[in-house]
2 protein chains.
Amino acid sequence: MEKFTDVFRALSDKTRLRILHLFTFSKKELCICEIMDSLKLAQYNISKHIRELKLTGLVKERKEGRFVFYSIVEPKNAFHRNILQTLKAIPKNNEDIERLTKRVALRKNGKIVVGCLTSMGQCR
Amino acid sequence: MEKFTDVFRALSDKTRLRILHLFTFSKKELCICEIMDSLKLAQYNISKHIRELKLTGLVKERKEGRFVFYSIVEPKNAFHRNILQTLKAIPKNNEDIERLTKRVALRKNGKIVVGCLTSMGQCR
DNA sequence: GTATAATATGCTTAAAAGGGCATATAAGCA
DNA sequence: TGCTTATATGCCCTTTTAAGCATATTATAC
């Protein structure tokens with residue numbers, strides 16, 4: 001039961017929902033700098049929230065060089081599937097999506113070539 | 001968005017999930033004393049948690065004399081429907097269900113005739 | 001190796017949440 | 001009216017949580 005409440009707790013935060021929305025919209029792996037530029041939040045903030053999402057098993061990571069790519073974990077049971085379905089029913093923040101679209105467009109052949117643009121936090 | 005995070009927050013508590021499970025299992029209106037006897041928790045505790053569930057729109061109440069009957073609100077949108085679907089995918093606490101079954105069996109023609117049995121809190 | 005960029009994390013503080021307990025409110029009944 | 005029972009709520013205390021800030025870690029490039 002604890003595990004289930006933990007998932008709900010992870011979803012009970014506005015920033016974490018915004019992060020998850022970026023994933024479900026883009027259907028891509030995203031790195032921290034892309035997320036922080038999309039949400040206009042500090043780097044440490046994104047990192048911490050992503051950590052929560054990772055701990056509850058909603059998000060996974062893949063390291064590639066200096067970057068870490070995060071993405072949604074494919075559901076492995078009914079509960080998990082229902083959670084993702086539920087997320088789809090939540091209206092997304094349009095500004096976030098717009099910024100994400102622009103940000104991802106800066107990739108060259110899928111590779112990140114532009115670092116953090118936002119000067120929030122200390123990532124530049 | 002706030003509204004959505006509030007629903008998730010409401011579900012991020014073990015006791016509240018146990019309460020909701022009683023409703024989804026019994027498909028009935030339940031009163032506080034039946035819930036406290038089923039979960040073996042103090043009355044003030046149940047009252048407070050039910051209040052949260054009411055505030056987030058997951059549970060509604062109907063007053064009947066000295067008793068207040070609570071029940072699940074019928075979903076009115078996709079998000080709400082998905083939430084209830086998600087709850088179904090969570091394993092229930094068997095002891096709770098067993099106690100609830102016994103407790104509800106004490107009703108006479110659907111009327112509550114036995115008050116709080118649990119001596120927790122101050123309901124008796 | 002050194003500098004730099006991406007990400008993680010420890011510390012502090014403020015706000016929220018949950019349990020325990022006492023008490024308030026409200027309705028039925030003697 | 002006064003008592004009892006069902007439910008609600010205010011207060012205290014402890015724990016958790018999230019943000020801010022500084023700093024640590026890791027990998028790349030020079």
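Structure shown above.
Residues numbered from 1 in each chain as written. Chains lettered and ligands numbered in written order. Predicted model: local features only at pLDDT ≥ 70, side-chain atom pairs only at ≥ 80, totals over all residues. Heavy atoms only, no water.

Turning our eyes to something else, we now look at the packing of helix α2 (residues 14-26) of chain A against helix α3 (residues 32-39) of chain A. Residues and elements named next belong to chain A. Close contact between α2 and α3 brings their axes to 11 Å; oriented N to C, the two are set at 115°. Classed by the angle they form, the pair α2 and α3 counts as roughly perpendicular. Once α2 is placed against α3, the crossing between them reads as right-handed. For the pair α2 and α3, contact is made by T15, R18, I19, L22 and F23 and by I35, S38 and L39, respectively. Looking at side-chain class alone, the contact of α2 with α3 contains five nonpolar, two polar and one charged residues. (Axes fitted to C-alpha atoms, helices over the stretch in contact; angles between N-to-C directions. Helix = DSSP H or I, 4+ residues; strand = E, 2+ residues; numbered from the N terminus. Parallel < 35°, antiparallel > 145°, perpendicular 65-115°, else oblique. Left-handed = near helix turned anticlockwise from the far one by under 90°. Contact = heavy atoms within 4.5 Å. Nonpolar A, V, L, I, M, F, W, Y, C, P; charged D, E, K, R; others polar.)

With that settled, the discussion passes to the packing of aromatic side chains. All names here are of chain A. Within this structure, the stated rule accounts for seven aromatic pairs over all chains. Consider the rings of F8 and F79, whose centres lie 5.7 Å apart with planes at 90°: the pair is edge-to-face. Here the residue F8 occupies a position in helix α1 (residues 2-11), and F79 occupies one in helix α5 (residues 78-88), the gap between them amounting to 71 residues. Note on accessibility: F8 and F79 belong to one class, buried. Note on F67 and F69: the rings are 6.4 Å apart at their centroids and 35° apart in plane angle, and the pair reads as tilted. Taking the relative accessible area as the measure of exposure, F69 reaches 6% and is therefore buried. Over the ring of F4 we find K3; its NZ or CZ atom is 5.2 Å from the centre of that ring. (Phe/Tyr/Trp six-rings, centres within 6.5 Å; stacked < 30°, edge-to-face > 60°. Buried < 20%, exposed > 50% of the residue type's maximum accessible area, 1.4 Å probe, protein only. Lys NZ or Arg CZ within 6 Å of the ring centre and 35° of its normal.)

Further remarks concern the sheet that holds strand β3 (residues 67-72) of chain A. One key point about sheets: their strands pair by backbone hydrogen bonds, in either a parallel or an antiparallel sense. Residues and elements named next belong to chain A. Within the open sheet, the three strands sit side by side as β1-β3-β2. Their pairing is antiparallel. Of all strands in the sheet, those with a lone pairing partner are β1 (30-31) and β2 (59-64), marking the two edges. Bridge count for β2 against β3 is six bridges, and the pairing is antiparallel. Bridged to E64 within β3 is F67. Lying over the sheet, α2 contacts β1, β2 and β3, oriented at roughly 80° with respect to β3. (Pairing = 2+ DSSP bridges.)

Once that is clear, we can look at the sheet that holds strand β1 (residues 30-31) of chain B. Residues and elements named next belong to chain B. With respect to topology, three strands assemble into an open sheet ordered β1-β3-β2, the strand pairing being antiparallel. This sheet does not close on itself; its edge strands, each paired only once, are β1 and β2 (59-64). Note: β1 against strand β3 (residues 67-72), two bridges, orientation antiparallel. Its bridge partner being in β3, C31 is matched across the sheet by F69.

Its place among the elements puts T5 of chain B in helix α1 (residues 2-11). Setting aside residues no more than four positions away along its own chain, T5 of chain B makes contact with L11, S12, D13, K14 and L17 of chain A.

What follows deals with the relation of the copies chain B and chain A. Overlaying chain B on chain A yields an RMSD of 0.0 Å, the required transformation being a rotation through 180° with an accompanying axial translation of 0.0 Å. The two molecules are tied by a two-fold rotation axis, judged by turn and shift. Nearest to the rotation axis, the C-alpha of F8 of chain B is located 2.6 Å from it, this being the minimum over chain B. A share of 100% of interface residues in chain B that are also interface residues in chain A marks the association as one of identical surfaces. (Least-squares fit on C-alpha atoms with pLDDT ≥ 70 in both.)

Residue and element names in this part refer to chain A. Here α2 is 13 residues long and its end C-alpha atoms lie 18 Å apart, about the 18 Å a rise of 1.5 Å per residue gives. Counting buried positions along α2 gives ten out of 13 residues, so the element sits mostly inside the fold. Among the residues of α2, those classed as buried are T15, R16, L17, R18, I19, L20, H21, L22, F23 and S26. The distance from a side-chain oxygen at the start of α2 to the backbone nitrogen of T15 is 2.9 Å, and the residue carrying that oxygen is D13. Within two residues after α2, K27 carries a phi angle of roughly 55°, on the positive side. (Expected span 1.5 Å × (residues − 1). Polar contact = N/O pair within 3.5 Å; in protein donor to acceptor, adjacent residues only side chain to side chain.)

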